[in-house]
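Here are the chains, one letter per residue:
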Amino acid sequence: MLSSIPLVLAACADDTESDTTSGEDPSANDTGDSGNGGEVAELEFWSFWGSGSRRETIEAIIEDFNSEHDNINVEHVYQPWGDIWTKALAAIAGGNAPDVIVQDINSVRQRAEAEQATNLEEYIEDESFSEKFYPQLWDTVLYEDEAYGVPFNTDTQVIFYNKDAFEEAGLDPENPPATWAELEDAARALDIESGDGYEQIGFYPRWNIGPDVWTLNADEGVSWFDDEGNVEINTPEKVAALEWMLEWQDYYGRDTINQYEAEFGSGVADPFISGLVAMRGQNLNYYVNLQENAPDDLDFGVFRLPEYEEGSGHWTWGGGFVLEIPENTDNPEESFEFIKYLTSTEVQERFGMNSFDIMANIEANENLTTHPELGERGLEMYQMAEKSLEKTVITPVPLTAPDYIPLVNTQIDAAFLGELTAQEALDAAQESVENLVEQNQ
């Protein structure tokens, strides 16, 4: 499950402080020889940031890096979202891989095991380097306890809500739902029926937030696998969560859900922007879409995923991206210098200012929670990010189950089609994934 990256706001980065987390100014790295005989190391950097402010920001950052490093020159190469990783595999196999690439955070270990990514341990000279990053993000880049990438950004699933709709329904817009029961009550109050359908649907849990997230939320942060790699699909909590989701489908009706999904679009046709949906689950940087497309009078707020029951925790899911050096490239030392620059506090803060991504660098995010140029709404987003990250789980794909996701989703889809009960679906998924693990051990 990959995080989506929408277009971003216009660049507004300023001259911020140096990277105090690492104790050194990222612009003060080696500017002379680096063991390459005084020659300039030409680096190719692949990303999928191909348009708008995101591309403008990364290219401005690269320009600054190049001007500060006499011995390194980085060229940004855009690769389309659907092609970048396929092209990377072919380039690595053909011996002409880029020097640095943006990769999915959940599959680092697969590339490390396949010897497609460079072990970075010999280039990480500062023992505290990993402490700059959120622990759950750093854990994803480790293979056999050694780093094969560096976290760049992440996301977290939250719920956006229409404050005006709350007021019209007699709900307190400053007191959004905190538990699943409260979420259900609020949704019913927000529903507006019209003829044979709905003028407004309060909430439907499967829109943008999948069963994998709700089951994780119910099971106190345990995904389909626990920390030891054991398959944990058909636990009582996860079965109850899937049953709860099926009850929502039964309430609105499968035909109604399908009808409204067919009307969903982007921009002003977005169901939350158009007013069709009063509460909608999304990545936190959905805020950028609202900034670009929502009318000025849309008064919205955001809240953490509610607790399964009071005290169980506001558990949620996050994805994200890392920076890697493919195996057998010519300039790994200079490439890592560039990676250090991109993940420094100063540069991470600058990128976050223009994307409303949750950056991997802890200090950068903390700085953004109080940044005066973000405005009240922008500050609200980063403050929510800080809260939500406390219970955000990242789910790297286990080495013993590389293709497990279709096995689970097939059974869950059968439950939503009425072919299996929640218990039957998760029992079947448990058995299928256990068999897959056994085959790969």
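Residues numbered from 1 in each chain as written. Predicted model: local features only at pLDDT ≥ 70, side-chain atom pairs only at ≥ 80, totals over all residues. Heavy atoms only, no water.

Draft legend 1. Representation of a negative patch on the surface in the model. A cluster of acidic residues, Glu 113, Glu 121, Glu 144, Asp 145 and Glu 146, forms a negative patch at the surface. With respect to the helices and strands, the residue Glu 121 is situated in the loop between α3 (108–113) and α4 (135–140). Overall, Glu 121 belongs to the partly exposed group, its relative accessible area being 32%. (Patch = residues over 30% accessible without salt bridge, like charges linked within 9 Å, V, L, I, M, F, W, Y side chains within 5 Å. Areas by Shrake-Rupley, 256 points an atom, 1.4 Å probe, with all protein chains shown as cover. Salt bridge = Lys/Arg side-chain N within 4 Å of Asp/Glu carboxyl O. Lys, Arg positive; Asp, Glu negative; His and termini not counted. Charge placed at Lys NZ, Arg CZ, Asp CG, Glu CD. Helix = DSSP H or I, 4+ residues; strand = E, 2+ residues; numbered from the N terminus. Buried < 20%, exposed > 50% of the residue type's maximum accessible area, 1.4 Å probe, protein only.)

Draft legend 2. Quick look at unusual backbone geometry. Backbone geometry places Glu 115, a non-glycine residue, at a positive phi of 60°. Mapped onto the fold, Glu 115 is located in the loop between α3 and α4. Using a relative accessible area of 61% as the deciding quantity, one classes Glu 115 as exposed. Despite not being glycine, Phe 356 shows a phi value in the positive range, around 55°. Locating Phe 356 in the fold gives a position in the loop between α13 (345–355) and β14 (358–359). Here Phe 356 falls in the buried class, since its relative accessible area comes to 6%.

Draft legend 3. Representation of the sheet that holds strand β3 (residues 100–104) in the model. If you walk across this open sheet you meet the six strands as β2-β1-β3-β13-β6-β14, and the pairing is mixed. At either margin of the open sheet sits one strand with a lone partner, and together these are β2 (72–78) and β14. Alignment of strand β6 (residues 150–154) against strand β13 (residues 320–324), held across four bridges, turns out to be antiparallel. Within β13, the residue paired with Val 150 across the bridge is Leu 323. Across the face of the sheet, helix α1 (residues 52–68) comes into contact with β1 (41–47) and β2 while running at roughly 165° to β2. (Pairing = 2+ DSSP bridges. Contact = heavy atoms within 4.5 Å. Axes fitted to C-alpha atoms, helices over the stretch in contact; angles between N-to-C directions.)

Draft legend 4. Quick peek at helix α6 (residues 180–190). Inspection of α6 places Trp 180, Leu 183, Ala 186, Ala 187 and Leu 190 among the buried residues, and these make up the whole buried set. When α6 is viewed along its axis, its buried side chains cluster within an angular range of 120° and face the same direction. (Arc of directions from axis to C-beta.)

Draft legend 5. Expanded view of the pattern of salt bridges. Applying the stated criterion across every chain yields a total of 11 salt bridges. One salt bridge connects Arg 55 with Glu 59, and the closest N-O pair in it is separated by 2.9 Å. Here Glu 59 and Arg 55 lie together in helix α1, a separation of four residues that amounts to about one turn. Linking Arg 280 and Asp 270 is a salt bridge whose minimum nitrogen-to-oxygen distance equals 2.9 Å. With Arg 280 in strand β10 (residues 279–283) and Asp 270 in the loop between α9 (254–263) and α10 (271–274), this pair connects stretches of sequence that are 10 residues apart. When sorted by exposure, Arg 280 lands in the same class as Asp 270, which is buried.

Draft legend 6. Focus on empty space enclosed by the protein. This model, assessed by the stated rule, comprises one cavity of 30 Å³ or more. Around the largest cavity sit Leu 284, Asn 285, Tyr 287, Phe 356, Asp 357, Ile 358, Met 381, Tyr 382 and Ala 385, which together line it. Take the lining of the largest cavity: its biggest share by element is three residues, from helix α15 (residues 375–389). Classifying every residue of the lining of the largest cavity gives seven nonpolar, one polar and one charged. (1 Å grid on protein atoms, 1.4 Å probe; cavity = no way out; pocket = protein on both sides within 12 Å on 5 of 7 lines; lining within 4 Å. Points joined across faces, edges and corners; volume = space filled by probe spheres on them. Nonpolar A, V, L, I, M, F, W, Y, C, P; charged D, E, K, R; others polar.)

Draft legend 7. Region of the structure containing the environment of Glu 292. Looking at where Glu 292 falls in the secondary structure, it is placed in helix α11 (residues 286–293). Between the alpha carbons of Glu 292 and Val 268 there is a distance of 9.7 Å; along the sequence they are 24 residues apart.

Draft legend 8. Broad picture of the packing of helix α8 (residues 236–252) against helix α17 (residues 422–440). Close contact between α8 and α17 brings their axes to 9 Å; oriented N to C, the two are set at 130°. Accordingly, the angle class assigned to the pair α8 and α17 is oblique. Regarding α8 and α17, the two cross each other, and that crossing is right-handed. For the pair α8 and α17, contact is made by Lys 238, Val 239, Leu 242, Glu 243 and Leu 246 and by Ala 422, Gln 423, Ala 425 and Leu 426, respectively. Grouping the constituent residues of the contact of α8 with α17 by class yields six nonpolar, one polar and two charged. (Parallel < 35°, antiparallel > 145°, perpendicular 65-115°, else oblique. Left-handed = near helix turned anticlockwise from the far one by under 90°.)

Spatial relationships are all this shows, so hold off on functional conclusions.
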